[in-house]
Amino acid sequence: MLSLLSVRQKQLFPKSGKKFWLSLLFWMLLVAPAQAALELRVAIEENANQVKIGSSTKAIVRDATGKPVGEIAPLNAFVAETDSGRVKMNRWLSNALWVEPTNKGFVWIGDKWYRGRTLVVPTNQGLTAVNYVDLERYLYSVLGGEVYTNWPQEALKAQAVAARTYALYQRQTRGNRLFDVGDTIAWQVYRGVETESPSFYNAVDSTAGQVLTYRGRLILAAYHAASGGHTENVENVWGVQALPYLRAVPDFDQGTPGYQWTRSFTQPQLSSRISGVGQVQSLTPERISPYGRIMTVKVVGDKGSRIMSGAELQRIFELRSTWFTVTPEGNNKSLPISFRFDGRGFGHGIGLSQWGAYGMARQGANYQQILNHYYRGASLARIRVR
């Protein structure tokens, strides 16, 4: 069972001469000792026809009841597949199979090494391989999939707390009987030990167990690469109920790789991806958020018109964000020759801006100040497993 320990208020930084910091609120810090580890279930392969499973050290193979049925030699692997609704791997056949490396070895799943152990189970569409891994060690890899190893430690610590909170929130709200989270960008990027580094170990270990809460509950700790100068209110992007901790705030990502971008499409390219209007003549914003992101656009063509969301255009044209303007260029028989998209930001613009956190850390902010800026009114607490 997961619970949150109580917190007490503590001032984390002295009064500074910089006006920037004077507006920051006090932060809630936990002072209790670390608690027992939490094992997270991460789906690595879903509904696969087969999956290769191995180990860096000798591994114990167990059946669905937990009974040992065999061993896998060090640096060896076998292909698991379905057989009459069960899992078959080498000579072992069961309703499910566990592979547990000994001596802190790594497990091989598909094409990567992972910490922890693996459960392979049959589904209606094939096999699902689930990595059972300690939450903190899971984060060693997640940071490597989300940010850069040479970033300031305070930015990495902020990312560690956000990613830990996000994983546990997803575990509570989207997890199922087989797994808590997946390993793709739709959840959080998790690629096993290949993305780990010492700087990530330090950021995770120094914030061990710390999560963000609002009124005693885990928050949806959304984050993105860069906002383009200002983050967004959650309801303006995802159309959900307003959340008090996901409010629009000024960002500190100016001059970073995600701050500005430009993409151009020819008129035929644009028309081929937007159905129902013929040859596109214009794209005109209909609804724009208070901070500049496109909510809906009217697309006019020579055979009709339609209303599209900014998110739909972002997906169809693989744009970095929904904060953009569209400029028609040239003219050929009353049709624009091309359309130029000038945009800002990278991602949905909600919650923590990763490049903004980088910018704040370079200005001297600590991770508590960074989190307090992007998650308004949230408190820092530590999880307890019991």
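If you're wondering where the values come from, they're calculated on a predicted model, not measured in any experiment. Residue positions are given per chain, counted from 1 along the sequence in the order it is written. Only residues with pLDDT of at least 70 get local features here, since the model is predicted, and only at 80 or more are side-chain atom pairs given and counted; chain-wide, interface and lining totals rely on the full set of residues. The side-chain quantities take in all heavy atoms of the structure and omit both hydrogens and water.

A.B. asks: Just to check I follow, could you spell out the packing of aromatic side chains for this structure?
C.D. replies: The description of two aromatic rings rests on the distance between their centres and on the angle between their planes. Any pair of Phe, Tyr and Trp rings, taking the six-membered ring for Trp, is counted once the centres come within 6.5 Å. Such a pair is stacked with planes under 30 degrees apart, edge-to-face with planes over 60 apart, and tilted for the rest. Tallied over the entire structure, the rule returns 18 aromatic pairs. Taking 5.7 Å as the distance between ring centres and 45 degrees as the angle between the ring planes, the aromatic pair formed by Tyr148 and Trp151 counts as tilted. Among the aromatic residues, those joined into a ring-pair cluster are Tyr148, Trp151, Trp355 and Tyr358. Between Arg174 and the ring centre of Trp187, over which it is positioned, the NZ or CZ distance is 3.8 Å. By definition, being over a ring means that NZ of Lys or CZ of Arg is both within 6 Å of the ring centre and within 35 degrees of the ring normal.

A.B. asks: Whenever I open this one, the pairing of strand 4 (residues 39-48) confuses me. Can you help?
C.D. replies: For a regular strand, the rule is simple: side chains alternate between the two faces of the sheet. Two strands qualify as a pair provided that DSSP identifies no fewer than 2 bridges between them. Here a helix means four or more residues in a row that DSSP labels H or I, a strand means two or more in a row labelled E, and each is numbered from the N terminus. Direction of pairing for strand 4 relative to strand 15 (residues 126-134): antiparallel, over a ladder of seven bridges. Within strand 15, the position partnered with Arg41 by the bridge is Tyr132.

A.B. asks: Help me out: how do you make sense of the pattern of salt bridges in this one?
C.D. replies: Pairs can form between side chains of opposite charge whenever their charged atoms are close. By definition here, a salt bridge exists when the distance from a side-chain nitrogen of Lys or Arg to a carboxyl oxygen of Asp or Glu is within 4 Å. Summed over all chains, the structure comprises 16 salt bridges. Note that Glu39 and Arg117 form a salt bridge whose closest N and O atoms lie 3.0 Å from each other. One end of the pair, Glu39, is in strand 4; the other, Arg117, is in strand 14 (residues 117-123), with 78 residues separating them in the sequence. Relative accessibility thresholds used throughout: buried, under 20% of the residue-type maximum; exposed, over 50%; partly exposed, between the two (1.4 Å probe, protein chains only). On the basis of relative accessible area, Glu39 is assigned to the partly exposed category, the value being 37%. Residue Glu235 is joined to Arg247 by a salt bridge in which the shortest nitrogen-to-oxygen separation is 2.8 Å. Of this pair, Glu235 sits in helix 5 (residues 234-238) while Arg247 sits in the loop between helix 5 and strand 20 (260-266); the two residues are twelve residues apart in sequence, bridging distant segments of the chain.

A.B. asks: Would you mind going over the sheet that holds strand 9 (residues 86-89) with me for this structure?
C.D. replies: In any sheet, the strands associate via hydrogen bonds between backbone groups, in a parallel or an antiparallel arrangement. Taking strand neighbours across the sheet as the criterion, the six strands line up as 10-9-8-5-12-13 in an open arrangement whose pairing is antiparallel. Each edge of the sheet is formed by a strand with only one pairing partner; in this case those strands are strand 10 (92-94) and strand 13 (112-114). Taken over all neighbouring pairs, the strand axes of this sheet differ in orientation by 25 degrees on average, direction set aside. Two elements, strand 9 and strand 10, share three bridges in a ladder whose sense is antiparallel. Bridge assignment links Val87 to a residue of strand 10, and that residue is Ser94. A fitted line through C-alpha atoms represents every axis, and for helices the fit uses only the stretch in contact; the resulting angles, taken between N-to-C directions, go from 0 to 180 degrees.

A.B. asks: Would you mind showing me how to read the pairing of strand 8 (residues 76-83) here?
C.D. replies: Across six bridges, strand 5 (residues 50-55) lies against strand 8 in antiparallel orientation. Paired with Gln50 across the bridge in strand 8 is Glu81. In terms of strand pairing, strand 8 meets strand 9 through four bridges, oriented antiparallel. By the bridge assignment, Thr82 is partnered in strand 9 with Val87. Hairpin connection between strand 8 and strand 9: a loop of two residues separates the two successive antiparallel strands, and Ser84 in this loop has a positive phi of roughly 55 degrees.

A.B. asks: When you look at the side chain of Thr195 in this model, what are you seeing that I'm missing?
C.D. replies: Take Thr195: it is sitting in the loop between strand 16 (181-182) and helix 4 (198-205). Residue class for Thr195 comes out buried when judged on its relative accessible area of 12%. One polar contact links the side chain of Thr195 to the main-chain carbonyl oxygen of Ser141, over a distance of 2.9 Å. A distance of 3.3 Å separates the side chain of Thr195 from the backbone oxygen of Gly192, its partner in a polar contact. Residue contacts are counted whenever heavy atoms from the two residues lie within 4.5 Å of one another. Beyond its immediate stretch of four places on either side in the chain, Thr195 contacts Tyr140, Ser141, Gly144, Gly145 and Phe200. Contacts described as polar in this section are N or O atom pairs within 3.5 Å, which, within protein, must combine one atom able to donate a hydrogen with one able to accept it, while residues neighboring in sequence count only if both atoms come from side chains.

A.B. asks: Before we go on, may I ask you to explain unusual backbone geometry in this structure?
C.D. replies: As a rule of thumb, non-glycine residues mostly have phi less than zero, and peptide bonds are mostly trans rather than cis. The phi torsion at Lys104 lies on the positive side, around 60 degrees, for a residue other than glycine. For Lys104, the location among the structural elements is in the loop between strand 11 (97-101) and strand 12 (107-109). Positive phi, close to 55 degrees, is recorded for Glu318, a residue that is not glycine. Looking at where Glu318 falls in the secondary structure, it is placed in the loop between helix 7 (310-317) and strand 24 (324-329). Given a relative accessible area of 62%, Glu318 falls into the exposed group.

A.B. asks: Help me understand the sheet that holds strand 25 (residues 338-344), please; the structure alone is not making it clear to me.
C.D. replies: Here we have three strands laid out as an open sheet, ordered 20-25-24, and antiparallel in their pairing. The open sheet terminates on both sides in strands that have one partner only, identified here as strand 20 and strand 24. When the angles between neighbouring strand axes are averaged without regard to direction, this sheet yields 20 degrees. Judged from the six bridges that link them, strand 24 and strand 25 form a sheet pairing that is antiparallel. Each bridged residue has a counterpart across the sheet, and for Thr325 the counterpart in strand 25 is Asp342.

A.B. asks: In this structure, what is going on with the side chain of Asn131? I would like to understand it.
C.D. replies: For Asn131, the position within the fold is in strand 15. A distance of 2.9 Å separates the side chain of Asn131 from the backbone oxygen of Arg115, its partner in a polar contact. Within polar-contact distance, the side chain of Asn131 engages the side chain of Tyr190 at 2.7 Å. Beyond its immediate chain neighbours, meaning those up to four positions away, Asn131 contacts Leu40, Arg41, Val42, Ile44, Val107, Ile109, Tyr114, Arg115, Gly116, Arg117 and Tyr190.

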